[in-house]
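# Per-entry structural report
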Amino acid sequence: MKAISKSFHGIPANQDIHLSIESGEILGLLGENGAGKTTLMNILYGLYQPDAGQISINGKGIRISNPVESIHHGIGMVHQHFMLVQNHSVIENIALGYKKTPFFFPKTKIRKKVEDFSKNFDFHLDPEKKVWQLSAGEQQRIEIIKALLNGADLLILDEPTSVLTPLEIKELISILRQMKAKGHMVIFISHKLDEIMDICDRVMVLQKGKIAGSSDTKDTDKQSLARMMVGRDVVFNIHREKITRGEKILSVKNINALGDKGLFAVKNISFELFKNEIFGVAGVSGNGQRELAEAITGIRPLFSGQIKINGKDITNKSPRTIYDNGVSHVPEERMRFGIVPGLSLYDNAILKQHHTKKFSGRCFLNYKKIKDHTSAIINAFKISTHSISNQVRNLSGGNIQKLILGREISETPRLLVASHPTYGLDVGATEFLRNHLLELRKQGSTVLLFSEDLEEIFELCDRVAVIFDGQFMAVLDSDDEQLCDIGLMMAGSKRV
Ligand SMILES: Nc1ncnc2c1ncn2[C@@H]1O[C@H](COP(=O)(O)OP(=O)(O)OP(=O)(O)O)[C@@H](O)[C@H]1O
Ligand SMILES: [Mg+2]
């Protein structure tokens, strides 16, 4: 890519970008939320047309007007947010994107191909399963197979690991290494510096739409990359002061809840949460975390058991009633449940509060207050957007995450249920969010934090529960000596 520039509504998203990659190379692409990474890759994939600049392959200038053409040129892309049809099977989804799909549905042929690829790259995928039954890692494998089946020499992965479990990340890395060995090229976008250092041969950093620098990974380190990205030193300076916890806020008693597949996903869990504390739930994802969060916030019905907030029974009450009792929720699948992409930032900023006195007059919404509130969130979270009337679908992935976070936590909720709140955030925003959670704790909120990131858990939490197969293996204080065994407990051994 040579001298690529692209603006939206007169605001530059990419300015004079040069990028090259050669056979067998894995290139990392780094940059803050809104730096222009996805835009640049969408140009390479033919989704956007650049305003200026050229693209060439093997020295030959080409024009890529749409993804069909980029696939033809051997370029494949796995998007930041998957684009699969939930009710279709693995085979059907692959057939949908298959460039050679003939008039008749080539089911047996595609099944055979999926099996061959699974063997060749050593991964597991049941071709007959429906997409909604699959984990994030499995869905991603569909996207990768789709690209490879179409003959992709260059695979673009936009934040592929933010939705994966640690085990799935290992599997992905192994797939990428095999691709590299076979001469494929990979462009890998991530906010996780460890991963970039581990997987990539070379890394390029974007800052506010421009190249801030690039380097072979062997000649750089995490600190330098973070500095290049943010323009200042990023030291995770997080200090959790001692606070005596207050009165009881949440009581969860012997709750059971079914998962999507009709089996018990939450099994007889009991615990209590108190004012001024952050309570972490650590575990490998898929062990009941999502279902537990949904049960507490009213999205998933309880099979049995009882939940009280501030002494009031909220068992099987509606999400709205539970919200009105002071419970905020940052859901795991924020793109599906957290926003309406076609609405403006300010509509989205009050999605669950439009009925409250704060934002509505007698009959009409009070737009002045709504807009002020939205501007405050934009400032606090440094959301990059040209206007608060901008549709949310035009924001970068990380900036959408920030908007949802801002909406849910700006009000000092009584209880905040937060699932993986730092997913998709750049290093600066992560630091800000963690400090903000500690600030909420100080101001008297209670936080129930679901995270797979043990560093995050240790930094923030007063107590940690370890979840495995829908059950708590242990609840540990932050100074418990057994904290070092947390890895074992996450794999299913109960506290002795
Ligand atoms: N279709 C669009 N219409 C208007 N603005 C857009 C559009 N797509 C991207 N932008 C803007 O371009 C800028 C760069 O966005 P981009 O999605 O490339 O960032 P990113 O580096 O991928 O960030 P993140 O880490 O948050 O995913 C942002 O300010 C975004 O709002
Ligand atoms: Mg992006």
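Details of the structure are given in the entry above.
In this report, we go over the structure that sits alongside the text.

Now for the side chain of D480. Turning to its location among the elements, D480 is positioned in the loop between β20 (471–477) and α17 (486–490). Within the local environment of D480, its side chain forms a polar contact with the backbone nitrogen of Q482, the two atoms lying 2.7 Å apart.

Our focus in this paragraph is the site of ligand 1. In the vicinity of ligand 1 lie 21 residues, with G34, T38, T39, S396 and G398 positioned nearest. One of the backbone N or O atoms of G36 is found 2.9 Å from an oxygen atom in ligand 1. Here an oxygen atom of ligand 1 and a side-chain polar atom of T39 are 2.6 Å apart. In the complex, the protein chains occlude 88% of the 640 Å² of accessible area that ligand 1 would expose alone. Contributions of two or more residues to the shell around ligand 1 are made by α1 (37–44) and α14 (397–409). Of the residues contributing to the shell around ligand 1, the split by class is 5 nonpolar, 13 polar and 3 charged.

Turning our attention to the pattern of salt bridges. Under the definition given, this model contains 27 salt bridges. A salt bridge links D453 to R434, with the shortest nitrogen-to-oxygen separation between them at 3.4 Å. Separated by 19 residues along the polypeptide, D453 in the loop between β18 (446–451) and α16 (454–460) and R434 in helix α15 (residues 427–443) bring together distant segments of the chain. A relative accessible area of 31% means that D453 is categorised as partly exposed. Its relative accessible area of 4% is what places R434 among the buried residues. Through salt bridges that share partners, D260, R290, E294 and R300 make up one connected network.

For the rest of this paragraph, the subject is the environment of A349. Locating A349 in the fold gives a position in helix α12 (residues 345–349). It is 42 Å that separates the C-alpha atoms of A349 and I62, two residues lying 287 residues apart in sequence. Excluding residues that lie within four positions of it along the chain, A349 makes contacts with H373, T374, I377 and R407.

Where nonpolar side chains cluster on the molecular surface, the patch consists of F8, L47 and Y48 and spans about 240 Å² of accessible area. When you line up the elements, F8 lands in strand β1 (residues 2–8).

Procedures and definitions
Residues numbered from 1 in each chain as written. Chains lettered and ligands numbered in written order. Predicted model: local features only at pLDDT ≥ 70, side-chain atom pairs only at ≥ 80, totals over all residues. Heavy atoms only, no water. Helix = DSSP H or I, 4+ residues; strand = E, 2+ residues; numbered from the N terminus. Polar contact = N/O pair within 3.5 Å; in protein donor to acceptor, adjacent residues only side chain to side chain. Near = heavy atom within 4 Å. Areas by Shrake-Rupley, 256 points an atom, 1.4 Å probe, with all protein chains shown as cover. Nonpolar A, V, L, I, M, F, W, Y, C, P; charged D, E, K, R; others polar. Salt bridge = Lys/Arg side-chain N within 4 Å of Asp/Glu carboxyl O. Buried < 20%, exposed > 50% of the residue type's maximum accessible area, 1.4 Å probe, protein only. Contact = heavy atoms within 4.5 Å. Patch = residues over 30% accessible without salt bridge, like charges linked within 9 Å, V, L, I, M, F, W, Y side chains within 5 Å.

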